[in-house]
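Each chain, written out:
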Amino acid sequence: MDRMIEDVDVVTVPELDDREPPPGSDRRAFMVRSAMAVAIGALTGCAPRDVSQISTPAPGGNAGLTKLDPSLDVVKKSKGPVMTLIDEFYKVGPGPSSSHTIGPMRITYDFYQRAAKLPAEQQNQADNLKVHLFGSLSATGKGHGTERACLAGLIGMEPATTDPAFLDGLAANPNQTFKVKVGNKEIPVSLKDIIYDAPKGDFPHANTMTCKLMAGDKVLLEQEYYSVGGGFIEWKGYQPPKKNPPKYPYERISQVIEYCKKDNLSLAQFARANETAISGKTDAEIDAFLDKILGAMDATVKTGLGAPTSTLPGPIKLKTKAHDVYENAQKQEGTARRAIGLVSAYALAGSEENARGHLVITAPTGGSAGVLPAVIYSLGPEGAKMSKDKLRDALLAGAIVGYLCKHNATLSAAEGGCQAEIGVASAMGAAAIAQAYGDSPQVAANAAEGALEHHLGMTCDPVAGFVQIPCIERCAFGAVKAWTGYLIAKNEVPLNRRVDFDSTVDALALTAKEMNSKYKETSEGGLAVSLTLC
């Protein structure tokens, strides 16, 4: 695998600051922070705020720390203003994973289009197609249906319009062969052409894959790709599309809050101003997309709630519970008990739909696809009865939180564990609730911080590689934590909060980079090895 690795930069470790703290400050906290700066520097070789320089374990293990390939756009985007847009962030596609299902399908569809554009002379030589999966895609792809998603993309299917029944059919009948038209040639492809290659090695990203168009053993076209989380994809030599500059350039939520104070904006108004500036779209076009996502979220919750108790696909033989929890929660006498039960049921419904491989919404990922839909559903006609405008605003505010986590840390469990999926989704949900209730950007930021902080360190240890245990129930806990984060933030004095959102995102990045690779969607640790399936 052709790859450039840079030496870790040498960073001067700060000296202990033994000066007297500023008048009126907390002396003990001042000295502890100074000591922590030295400790962080000594352990990582980096200044404490410069988390982008902290090395990350190679996907194959912890021996020999290396950085993510600096040529990846997802790494480059950690510098400069946030430029992500809602139609890039909220994606509709089949479960159970944005990085292992939606991303790979987008990748092979992209390769299918490239092959269709080759000169006729090359196309006429082609007789086979091969896809090789590496790293986490190879380690847990079977449980995520990665090979089925790859095959669907190769034959020209896109995630948002793929019928999940087609993917189910591949699982039920894995020996099917399909014809891919390349120029005047029809090339037979099957699941055998999707190869689970090396799960461990020195790859540019934990989710690396290659696609090849072949003439016998001769390579006619080859492309190396990376599924970088949240359904986002890149490839070797990737150049991001040109975009207009944002109205409000920002990299941290502290900047967002300052802009909002200066121009008297809500978090949703801030998001909309940047959305229109960067994309050039009108408010009506943005609303149309938001309505599409709201409709998809509503559908995934209702479908999941309406599904009778059944057994999910795979070796775990896990029984669904969303329908039962929903029915029983409505019978609870206490208001709080009923509310918590219902929110949990909504999240279980969305997450079970994801586990079935049905269409879900990345918010920010497939593995966390139960969290934000549950929050939005609880704010809508079945819950707080918020207006459509307020629900749109909630999605916009949640997106800002997701963008910042993507920009300064990660959304990928293969890179950062489950804190990067459920934790970020819960933080997005907390900010969405605050926005829906008309609270200030500072309250929204505090709500998001609380939800994210209490997911820090959460590992990704899917049993048997399936997005079921512990993933489904984690979505329910994440949705409830979103409400808890909001309620604490709403009832405190906002400026008294000692832990800010930016610091917590830094902690997410640091924890992700130092987390043992066994807990990064490889199914090599935690519940994945302690739970014995009978």
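Below: a short report on this structure. (Residues numbered from 1 in each chain as written. Predicted model: local features only at pLDDT ≥ 70, side-chain atom pairs only at ≥ 80, totals over all residues. Heavy atoms only, no water.)

What follows covers the pairing of strand β9 (residues 218–229). Within β9, 9 of the 12 residues are buried, which leaves the element mostly enclosed by the surrounding structure. Looking at chain direction, strand β8 (residues 208–215) and β9 are connected through 8 bridges and run antiparallel. Bridge pairing links Thr208 to Tyr226 in β9. Between β8 and β9, which pair antiparallel and follow one another directly, the connecting turn spans 2 residues, one of which, Gly216, has a positive phi of 65 degrees. Pairing of β9 with strand β10 (residues 232–235) involves 4 bridges; the strand directions are antiparallel. (Buried < 20%, exposed > 50% of the residue type's maximum accessible area, 1.4 Å probe, protein only. Helix = DSSP H or I, 4+ residues; strand = E, 2+ residues; numbered from the N terminus. Pairing = 2+ DSSP bridges.)

Here the focus is the sheet that holds β10. Judged by pairing direction, the sheet is mixed, and its 5 strands sit side by side in the order β7-β4-β8-β9-β10 without closing on themselves. Of all strands in the sheet, those bounded by a partner on one side alone are β7 (194–196) and β10. When the angles between neighbouring strand axes are averaged without regard to direction, this sheet yields 25 degrees. Pairing between strand β4 (residues 128–133) and β7: 3 bridges, direction parallel. Bridge pairing links Val131 to Ile194 in β7. (Axes fitted to C-alpha atoms, helices over the stretch in contact; angles between N-to-C directions.)

Considering the arrangement of structural elements, one finds Tyr112 in helix α4 (residues 98–116). When the C-alpha positions of Tyr112 and Met157 are compared, they lie 9.6 Å apart, and in sequence the two are 45 residues distant.

Moving on: unusual backbone geometry. Across the junction of Gly95 and Pro96, the peptide omega takes the value 15 degrees, indicating a cis bond. Within the fold, Pro96 resides in the loop between β3 (91–94) and α4. Residue Ala363 is joined to Pro364 through a cis peptide bond whose omega torsion reads 5 degrees. Relative to the helices and strands, Pro364 resides in the loop between β11 (359–362) and α14 (371–379). One non-glycine residue, Ala464, lies in the positive phi region at around 60 degrees.

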